[in-house]
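Below, each chain spelled out in residue letters.
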Amino acid sequence: MTIHIGAAKDDIAPTVLMPGDPYRVKWAAETFLDDARCINQVRGMLGFTGTWHGHPVTIQGSGMGMPSLSIYANELIRDYDAQTLIRIGSCGGMQDHVGIRDVILAMTATTLSTPSRGIFKDVNFAPCADFGLLAAAHRAALAKGTTTHVGGIYSSDVFYDERPDLNDQMMRHGILAVEMEAAELYILAARYNRRALAVLTVSDHLITHDALPAEDRERSFGDMVEIALQAAFA
Ligand code: HPA
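Residues numbered from 1 in each chain as written. Predicted model: local features only at pLDDT ≥ 70, side-chain atom pairs only at ≥ 80, totals over all residues. Heavy atoms only, no water.

1. A short note on the packing of aromatic side chains
For the coordinates displayed, the defined rule picks out four aromatic pairs. Between the aromatic rings of Trp-27 and Phe-32, the centroid separation amounts to 5.7 Å while the plane-to-plane angle is 90 degrees, which identifies the pairing as edge-to-face. As far as the burial class goes, Trp-27 and Phe-32 line up, both buried. For the pair Phe-159 and Tyr-160, a centre-to-centre distance of 5.0 Å together with 70 degrees between the ring planes defines the contact as edge-to-face. Overall, the relative accessible area of 60% leaves Phe-159 in the exposed class. When the ring centre of Phe-221 is taken as origin, the NZ or CZ atom of Arg-24, which lies over that ring, is 3.9 Å away. (Phe/Tyr/Trp six-rings, centres within 6.5 Å; stacked < 30°, edge-to-face > 60°. Buried < 20%, exposed > 50% of the residue type's maximum accessible area, 1.4 Å probe, protein only. Lys NZ or Arg CZ within 6 Å of the ring centre and 35° of its normal.)

Set out below in structure tokens:
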């Protein structure tokens, strides 16, 4: 048990999927895991553990933004010894060739700052995905026929962005999409020698202003969960 996770040590599997939204935790666990049971309810940030094709898996919510993700990922890594952490979440498309429902595999995550800024000071550390997980996720996505893009994303600290010029610079430099958590996950995985990846579904688009209709969300998010699970156990 930690400050933010009420589970016993054995209740958390070495492989953890991390959606931002606690309700998506419950949905993913009940949809994709066998014998799923709730192992955390502290602050309503649900966690479930079950099995996928016989492999133990935990799905634990991260909350929104890097400070929240940092709390859960630190405790999962340092107290529960999680080895593989895969963020599954939504993102905003930033390129014309990226469409709503497409899956983004985040090779790198650019930021203005993260909760780890105090460590790096003037160093611009480059948060990147685990290559083995990334390659396995790409194979899984190709096999599924999901339209998938691999490249850099932007982990922002703000959803309501007052600096559109910054988004323009991201787009100009080929950044595929914006979300709010992956960079800190990649940094923590680097610090503790764990494997991390962010598998994202494009839910809205900063150029076209399209958004995923509510009724399409489950099917679209399902592809992302399956890709993450297949990558974890490839
Ligand atoms: N901005 C930041 N995070 C997001 C977005 C966005 O447009 N869409 C989904 N997550």
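2. Observations concerning the pairing of strand 7 (residues 148-155)
Along strand 7, seven of the eight residues are buried, which leaves the element largely enclosed by surrounding structure. Across seven bridges, strand 6 (residues 103-110) lies against strand 7 in parallel orientation. Residue pairing in the sheet places Ile-104 in a bridge with His-149 of strand 7. One ladder, built from three bridges, connects strand 7 with strand 8 (residues 177-179); its direction is parallel. Across the sheet, the residue bridging to Ile-153 is Ala-177, located in strand 8. Since strand 7 and strand 8 lie parallel, the crossover through helix 5 (residues 164-172) that links them has a hand, and here it is right-handed. (Helix = DSSP H or I, 4+ residues; strand = E, 2+ residues; numbered from the N terminus. Pairing = 2+ DSSP bridges. Right-handed = clockwise from strand over helix to strand, strands pointing away.)

3. Here we look at the pairing of strand 2 (residues 34-40)
Pairing analysis gives four bridges linking strand 2 to strand 3 (residues 47-52), with the strands arranged antiparallel. Bridged to Arg-37 within strand 3 is Thr-49.

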